[in-house]
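A look at the structure
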Amino acid sequence: MNTICYVRRLGQMMSGRPEMSCRHLPGHGIFFGMKNTERIQELYKTRTLPDAEMAALLTDMNSDDEAFLYELASNVRREKYGREVYLRGLIEFTNICRNDCYYCGLRRSNGHADRYRLSKDEILTCARMGYGLGFRTFVLQGGEDPYFTDERLSEIVAALRAEFPDCAITLSVGERSKESYRLLKEAGADRYLLRQETSGRGHYRSLHPADMSFDNRRRCLADLKELGYQVGCGIMVGSPGQTADDILEDLHFMKELQPQMIGIGPFIPHRDTPFAGEKAGSVQDTLHLLAIIRLMLPSVLLPATTALGTLDPHGREKGLQAGANVIMPNLSPANVREKYLLYDGKLCTGDEAAESVRDMKRRIASVGYEAVVSRGDALA
């Protein structure tokens, strides 16, 4: 993120909060009266920082600061979850989507996408393979495909629940009505992942077409919480137009929502979207945020995402070292993995294939952690 001197209130989101002055020394970033090690220590102790101090930490961190941040985040992660890493079996069951998000390769306007849907039997076959490999959570992820009505999707969830009663079923299928969420939960779904992508209203408008609603996304997350799902939210790091103000707003929203899981990954452009020419987000900024979120919300489940592994061959291992404790290998059939392209270059072969779970476990062990056979529920 670019260094920004916060000599003003931090946008509309900070209305009513006191202004804080700063001094900006050439080559030395931002200072608000605390050193970064003090900020990190304060975050570790209190789980919070004043906005201006958090902004300073986000925008000006050297290698020694990073090492200290990751050390404390790892300590918190081990205090809560030990050295366990939870594997989630990802089943990408449709790449058809009614939405036209400017950043996503699945957007409805992308005429180059090779579209597909998996049948109920194909989804169950994926889950059976995953169960044999030791997965005890299945994540059904797809675009907002109108074919998958409440009835059809509930039938799939119920079949998974009947065959795998000891497993968690996670859905990631976008915005639906509260009644739809209720029916899916009654069918057997435990968890729901719905990234807000950004918590700033203006930034949201710059990432989505006019027919998509910031307020509806918030409504969906509130409904899911009310219905008793284990809820996951998340953002893209370094998405076009994102500012440090937006990141602060994201952190406030996460703190308020208190989700069980937060998925963050670097923005990566897709060639067939309006953002094709935009610069990708950075692995470093993503790792910083993973560690900060671990200190803010010690019990949250944090994935080391595929996007991290796409930009950096060791990105997911670095994510684990920064406080993450979940990895989501792909259980989808080999012939569709390359069709579910949210962004260019998506990691979809080798270690990302569930058949390579043995090597995945070796890589997890190489940084001092252990992949376990577990549902991996969030701590209360």
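So, here is what we can say about the structure in this document. These numbers were taken from a predicted model, which means no experiment stands behind them. (Residues numbered from 1 in each chain as written. Predicted model: local features only at pLDDT ≥ 70, side-chain atom pairs only at ≥ 80, totals over all residues. Heavy atoms only, no water.)

**Examining the overall build of the protein chain**
Check the secondary structure of the protein chain and you find 14 helices and 11 strands. For the protein chain, buried positions account for 58% of its 380 residues. Counted over contacts in the protein chain with a minimum sequence separation of 6, partners at least 24 positions apart contribute 73%. Here the protein chain has roughly 15,400 Å² of accessible surface; of this, 50% comes from carbon and sulfur atoms. (Helix = DSSP H or I, 4+ residues; strand = E, 2+ residues; numbered from the N terminus. Buried < 20%, exposed > 50% of the residue type's maximum accessible area, 1.4 Å probe, protein only. Contact = heavy atoms within 4.5 Å. Areas by Shrake-Rupley, 256 points an atom, 1.4 Å probe, with all protein chains shown as cover.)

**Section: the sheet that holds strand β4 (residues 89–94)**
Ordered in space as β4-β5-β6-β7-β8-β9, the 6 strands form an open sheet in which the pairing is parallel. Each of the sheet's edge strands pairs with one partner strand only, and the pair in question is β4 and β9 (261–266). Going from strand to strand, the sheet's axes swing by 20 degrees on average, the running direction of each strand aside. Both β4 and strand β5 (residues 137–142) contribute to a ladder of 5 bridges, which runs parallel. Its bridge partner lying in β5, Leu90 is registered against Val139. Along the sheet, helix α9 (residues 244–257) contacts β8 (230–237) and β9; its crossing angle with β8, the most-contacted strand, is approximately 175 degrees. Across the sheet, helix α10 (residues 283–296) touches β8 and β9, and the angle it forms with β9 is around 165 degrees. (Pairing = 2+ DSSP bridges. Axes fitted to C-alpha atoms, helices over the stretch in contact; angles between N-to-C directions.)

**Description of unusual backbone geometry**
Positive phi outside glycine occurs at Glu197, with the angle close to 70 degrees. Of note, Glu197 is situated in the loop between β7 (191–193) and α7 (201–207). At Gln258, a residue that is not glycine, the phi angle is positive and equals roughly 55 degrees. Classification of Gln258 by relative accessible area gives partly exposed; the value is 41%.

**Here's the deal with the sheet that holds strand β3 (residues 84–87)**
Pairing is parallel in the open sheet, where 3 strands are placed in the order β10-β3-β11. Where the open sheet ends on each side, the last strands, each with one partner, are β10 (326–327) and β11 (370–372). Taken together, the 2 bridges between β3 and β10 define a ladder with parallel strand orientation. Among the inter-strand pairings, Leu87 is bridged to a residue of β10, identified as Ile327. Running over the sheet, helix α14 (residues 357–366) touches β3, β10 and β11 and is turned about 150 degrees from β3.

**Remarks on the environment of Ile169**
Tracing the backbone through its elements, the reader meets Ile169 in strand β6 (residues 168–172). Using a relative accessible area of 1% as the deciding quantity, one classes Ile169 as buried. In the structure, Ile169 is positioned 33 residues away from Arg136 in sequence and 8.7 Å away in space, judged by C-alpha atoms. Excluding residues that lie within four positions of it along the chain, Ile169 makes contacts with Phe138, Val157, Leu160, Arg161, Gly188, Ala189, Asp190 and Arg191.

**A short note on the packing of aromatic side chains**
Applying the stated criterion to the full structure yields 10 aromatic pairs. Here the aromatic rings of Phe138 and Phe164 are separated by 5.3 Å at their centres, their planes lie at 65 degrees, and the arrangement is edge-to-face. With a gap of 26 residues between them, Phe138 in strand β5 and Phe164 in the loop between α5 (150–163) and β6 connect regions that are remote in the sequence. Of the two residues examined, Phe138 and Phe164, each falls in the buried class. (Phe/Tyr/Trp six-rings, centres within 6.5 Å; stacked < 30°, edge-to-face > 60°.)

**Focus on the environment of Ser239**
Structurally, Ser239 is set in the loop between β8 and α9. Of the residues examined, Ser239 reaches a relative accessible area of 3% and is grouped as buried. Taking C-alpha positions, Ser239 is 9.3 Å from Phe275, a pair spaced 36 residues apart along the chain. A polar side-chain atom of Ser239 sits 3.4 Å from a polar atom in the side chain of His203. (Polar contact = N/O pair within 3.5 Å; in protein donor to acceptor, adjacent residues only side chain to side chain.)

Remember, this is a structural readout, not a statement about activity or role.
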